[in-house]
Each structure stands twice: as structure tokens, then as C-alpha cells.
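Here is what each chain is made of, one letter per residue.
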Amino acid sequence: MGAGVGTASALVDLLKMGKAEGVETNGLIAMLIQGERPLQISILLESSGGRATVYLTGVELSGAKIAGPVLQFLLKEFFIPLFPNAKIGEPFELREDLERIEIRPDGVRVVMKRGYDTTSGRG
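Not measured: the values here are computed from a predicted model. (Residues numbered from 1 in each chain as written. Predicted model: local features only at pLDDT ≥ 70, side-chain atom pairs only at ≥ 80, totals over all residues. Heavy atoms only, no water.)

Visitor: Which residues make up the environment of G18, and what values do they have?
Guide: Here G18 shows up in helix α1 (residues 14–20). Given the relative accessible area of 1%, G18 is considered buried. Considering only alpha carbons, one finds G18 and L32, 14 residues apart in sequence, at a separation of 14 Å. Setting aside its immediate chain neighbours within four residues, G18 contacts V23 and F78. (Helix = DSSP H or I, 4+ residues; strand = E, 2+ residues; numbered from the N terminus. Buried < 20%, exposed > 50% of the residue type's maximum accessible area, 1.4 Å probe, protein only. Contact = heavy atoms within 4.5 Å.)

As C-alpha cells, then:
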């Protein structure tokens, strides 16, 4: 993690994840992505005024960098069906009591709105 940026890694089986959600995959593509593979995703987070935007800055699958049309295909065919409410590259509202979220080298910082009463849910 760094100032506004973060990287996450996981072992994923995109084909199984897609099948679990009813996503049909082209046979050729299925052969290329089947099996558990290391996935690394890097993001940039901008957040203020009760809103945040997450930008995808890098994706690697099995050590191969993915960008352009291939990345758009994977987002459309796997990520969006699995997480239909996810927003990538577009702003979204944070919970009403949150001012912003910051990624820092020492961790993630969540900043609450000043004067927000967490017991009544009112500002």
C-alpha cells in the first residue's frame, strides 16, 4: 500500500467463479483461464466529500499483465456479473456517515463526517 494506491493478490479460478454465477464462457477462453491462478490487482483510490472513485491501474493473471480489450472482456464477462454493483472508474457515494477513505502506507484510514451522530444516524 502507498499514498492512495493499493495492490491485492489472490488465487482464483475464474471459470469456476463464473459458472457459480451462471456465466457461460467460450470454450477457447475457458481453456486459457481454467484452473486456480494467481491474480494481482492494483488500484488508485480518490475519495472526498462522501464519495470515492476506484481506478484499476494494473492487473496480472498468472504473472501476465492484462490490459486493453482482454481486460475489458474479463471485466465484462467475470467481474461485473459477480459484482454487479461495483463501480470502476466512476464515483460512488460512501455511507452517509463517511467523509472519505484513504489508502496509506501504514493501512487504510476511514474518516467520519464531523458532527455526525452515530447513535441517531443524523448529522
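Visitor: Give me the lowdown on the side chain of T53, citing residues and values where you can.
Guide: Along the polypeptide, T53 turns up in strand β3 (residues 51–61). Look past the residues within four positions of T53 in its chain and what remains in contact with it is L44, L45, E46, G89, E90, P91 and F92.

Visitor: Tell me about the pairing of β3, residues and numbers included.
Guide: As judged from the 10 bridges shared by strand β2 (residues 37–48) and β3, these two strands associate in the antiparallel manner. Bridge assignment links L39 to a residue of β3, and that residue is L61. What sits between β2 and β3 in their antiparallel hairpin is a turn of 2 residues, with G49 showing a positive phi close to 55°. Pairing of β3 with strand β4 (residues 64–65) involves 2 bridges; the strand directions are antiparallel. Residue E60 lies in a different strand from β4, and its bridge partner there is K65. In this antiparallel pair of consecutive strands, β3 and β4, the connection spans 2 residues, and S62 shows a positive phi of 55°. (Pairing = 2+ DSSP bridges.)

Visitor: Residue-level account of the side chain of S47, with values.
Guide: Checked against the element boundaries, S47 lands in strand β2. Given the relative accessible area of 18%, S47 is considered buried. Within polar-contact distance, the side chain of S47 engages the backbone oxygen of R51 at 2.9 Å. Filtering out sequence-adjacent residues up to four positions away, S47 remains in contact with A52, L94, R100 and I101. (Polar contact = N/O pair within 3.5 Å; in protein donor to acceptor, adjacent residues only side chain to side chain.)

Visitor: Summarise the pattern of salt bridges; cite the residues concerned and give the values.
Guide: In this structure the tally under the stated criterion is 7 salt bridges. Close ionic contact of D97 with R95 constitutes a salt bridge, the shortest N to O distance being 2.8 Å. When its relative accessible area of 56% is taken as the criterion, R95 is described as exposed. The partner of R100 in a salt bridge is E102, with the nearest N and O atoms 2.6 Å apart. (Salt bridge = Lys/Arg side-chain N within 4 Å of Asp/Glu carboxyl O.)

Visitor: Explain the nonpolar core residue by residue, including any values.
Guide: Counting residues in hydrophobic clusters, the biggest one holds 11 residues: V12, L14, I33, L39, V59, L61, I66, L71, L74, L75 and F78. Mapped onto this core, the elements with two or more residues apiece are β3 and α3 (68–82). Examining the composition of this core, we find that 4 residues originate from one element, α3, more than from any other. Among all residues touching F78, those that are not within four sequence positions of it are L14, G18, T25, I33 and F73. Counting 5 residues, the second largest nonpolar core, distinct from the first, contains L45, A52, L98 and I103. (Core = buried A, V, L, I, M, F, W, Y, C linked by side-chain atoms within 4.5 Å.)

Any link to function would need more than the numbers given here.
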